[in-house]
Amino acid sequence: MLDTRPTLPLASRIAPARAGRIASLLPLCLSLLVPAAVRAAPPAGGVAAAFQQLNDDNWIDRRETLSTLGFATPLVLASNDSSREIYLPVPANVPLADATLKMDASYLRADGGRTTMVLGVDTFPAAARAMTADQGNAGLTLGIDGAPRPNGFVRLSVNWSTMLSGQTQCSDPRTPGNVLRVEPDSSFSYRYDSRAIGDLRTAWGALPAVTSIMVAGRQLDAQSYDTAWRIGVALERAGKHSTISTMPAVGERIDLSRLKVPPALRVIPAFAALAGEGSHVLKDQAEIGALLSLGQNGFDGQLRGDILVGDRVLLERINGALDALAAQVGTAAPDASAAFAQWRTRLQPRTDGLQPTELRLVSAFGRPVILAGPQSGTAFASMFDAYWRNISGSPALVARSAHKPVSKEPYILLKNLGGAPGSFDVMSRADWTASFDIAEVASDGRLPSELVLDVSAAPGAGRTPPVVSVFLNDVLLGASHLQANGQRERISARIAPHALAAQNQIRVAFVRQPSSDNCRETPQPFPVAVLASSHVKLERAKDEDNFTGMVRRFATGAELLVPKAYLADAATTLQRVVMVAASTGLPAGRTTMKVVDDGVQAQPGGNFLAFDTGFKDDKSLVVVKQNTLVLNDRSNKPMLDVSGFDRLGIVEVTQAGGQAGVVWRSVGRAAPALAKPFQLSSGNVAAIGNAGLLSEIDTSDDSGRDYVQDAPSITIPDILWWVVPLSIIALFVLMLVLASRARRRRAAEQERAREAGLQQKKRDE
């Protein structure tokens, strides 16, 4: 792949070197004849050329690991013929350059035999390796073509095949000791031209797996805080992770080790201050402007902002920093002012005519970013929802209203929840998955109650029928044999309330027997399909005082209550609010945020999520005072009373002011740092640490009574299964009784007739 980045003109490259030789030959003369300010100034072409080179660099470097894509543990392939497919996100319809997969993997081969790993890219084989040692390194580096992907994904398939050699016809072919392990550190890197990002839809697809939301500073007003948390929750529900960054400020300490300051720019004092190692305290606005001006050289090191919350404070700080730097450039290298002004058009976002609820694609810090107006949080959550995302193909949008239609039907199709129906081949095992947010299906007091799956399967060469198993959040809901005649077959499975969570994954596992009786048939894959008529049934659920019940309540709207102190420490508290809101199912588009003054008891007006606030009529079982945690039971007797906690958070379902809600309480001097959402279920109290969920309990049902008594409802097929046989048996018994009575009656009549005949005979005699 040719490097299309422009090179400097020959004169620009020779001038600095020539000036350096002259300076080295005549240091004394220059020191006597030239003033100090002039002596420090390099040839103007060097500074101008450096700014021009930054401006001409349109390439965006991206590197994602499997861990940032959600694979927290290694992928293990262990069966004779197993495969995993990984969808690597890339900007849709954008050509890639230098796309490379670096797979970190190892293998075990205790059982011997023919063992092969095959990697495929977009369904085509791309690399293969044969494993011959007992164990070893299976890692490799694979180049991937840069063709644009309309769907926004590079489809990577990892296939692991192992077979014993020299076996008889019906020998056991299993090889449990032959295992492939793919580490989460495996990475996928590529570059793309930022000029190919021309609309909001493409910019959304180009966001990294961990997206940075930049705000003006540690202290925010209520509008900007409200917009930022909504954007973060929308990202989490779309499968991306979010992190909060702030605009650098004077007095802030930064790390210089990852900054790359071009040598030609170091004659400018602000850039010279950033050239070095270790840490550095920003002394003035010009140094902040220099940090912004480094473009790609500073973005990954100290400056992150994929989405900007464009309030007045942030925009003024960016403008002030670049103005201060422009003044230094005009003094130290006046001939480079024009080049810097041109580079500045890519550093400072274009904000003319920006409306409060507008979403706009702009260039900032040398790269395309999404600029969100200070009141655009609801618009962002609505327009980048899966329902409307594909129509956002415009550089700027003002969404006055955008919501999904509310259906009164007692079901919702799986294809509307992101589960794409389709066919695929199965030889031994394959999975089909669909993920959905509970807020997408919980409406009008209804929750998923039954999963109805319509599938079809082609007949295979083996005689054993395939088996389909249905899971929700790794809880087995049901399983069945398939007739495998190519026709639609329906599998219905009741959904237990405790199986639901804020984020849910449906997994359908198909298993075929790869060989037939007596091994007379060669294993071959045969197709199965998940049909578009598959759906989830909804039923009205009872109001339960647990996390699952609050998810249902939140679906119709809620209040977010944050103390005023949270706005003064937005860099820390915003991340907490985003992760807890995403974990509890708080909807970003149907929530009202209220700021509670410090020391004032909150008064919720509906279902609520509150952070470190008190209430007038609080029925909470949890009491927190500094580093002391007290947990009471239903009779208000302490179950737990411990001091000394730090970096611990308690999430509790409670009642306050006649309203149901969830309350977060920080225990200790500092709250835990949450990097991603955590999974809550049917408890009402949960302990949260830096690693996520530590423990979850249900104080109202600590013995698990609801689990034991949670039996599936009796359906009409179940009734017919018993009623019909019992009715036949009862009818048969009734017929026997009637027949017995008829025989006895006939015998009695015959006996009376015989006696009457005997009496008549005696009279005749």
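Whatever comes next refers back to the structure up there.
Residues numbered from 1 in each chain as written. Predicted model: local features only at pLDDT ≥ 70, side-chain atom pairs only at ≥ 80, totals over all residues. Heavy atoms only, no water.

### Remarks on the pairing of strand β26 (residues 475-481)
Piece 1. As paired strands, strand β25 (residues 467-472) and β26 are joined by six bridges and run antiparallel to one another. Bridged to V467 within β26 is H481. (Pairing = 2+ DSSP bridges. Helix = DSSP H or I, 4+ residues; strand = E, 2+ residues; numbered from the N terminus.)

### A short note on unusual backbone geometry
Piece 1. In the Ramachandran plot, T123 falls in the positive-phi region, its phi being about 75° despite a non-glycine side chain.
Piece 2. Mapped onto the elements, T123 comes out in the loop between β6 (114-121) and β7 (124-131).
Piece 3. Among the residues examined, T123 registers a relative accessible area of 52% and is labelled exposed.
Piece 4. Although it is not a glycine, A484 adopts a positive phi angle of roughly 55°.
Piece 5. Locating A484 in the fold gives a position in the loop between β26 and β27 (489-494). (Buried < 20%, exposed > 50% of the residue type's maximum accessible area, 1.4 Å probe, protein only.)

### Some words on the packing of aromatic side chains
Piece 1. One pass over the full model with this rule turns up twelve aromatic pairs.
Piece 2. Seen from their ring centres, F188 and Y190 are 5.3 Å apart, and the 35° between their planes marks the pair as tilted.
Piece 3. When its relative accessible area of 5% is taken as the criterion, Y190 is described as buried.
Piece 4. Put simply, the rings of F51, F271 and F340 pair up and form one aromatic cluster.
Piece 5. Here the guanidinium or amino end of K240 rests over the ring plane of W204, the centre of that ring lying 5.6 Å away.
Piece 6. Its guanidinium or amino end placed over the ring of F471, R507 lies 4.2 Å from that ring's centre, counting from NZ or CZ. (Phe/Tyr/Trp six-rings, centres within 6.5 Å; stacked < 30°, edge-to-face > 60°. Lys NZ or Arg CZ within 6 Å of the ring centre and 35° of its normal.)

### Re a positive patch on the surface
Piece 1. Together, R741, R743, R744, R745 and R746 make up a region of like positive charge exposed at the surface.
Piece 2. Note that R746 resides in helix α18 (residues 716-764). (Patch = residues over 30% accessible without salt bridge, like charges linked within 9 Å, V, L, I, M, F, W, Y side chains within 5 Å. Areas by Shrake-Rupley, 256 points an atom, 1.4 Å probe, with all protein chains shown as cover. Salt bridge = Lys/Arg side-chain N within 4 Å of Asp/Glu carboxyl O. Lys, Arg positive; Asp, Glu negative; His and termini not counted. Charge placed at Lys NZ, Arg CZ, Asp CG, Glu CD.)

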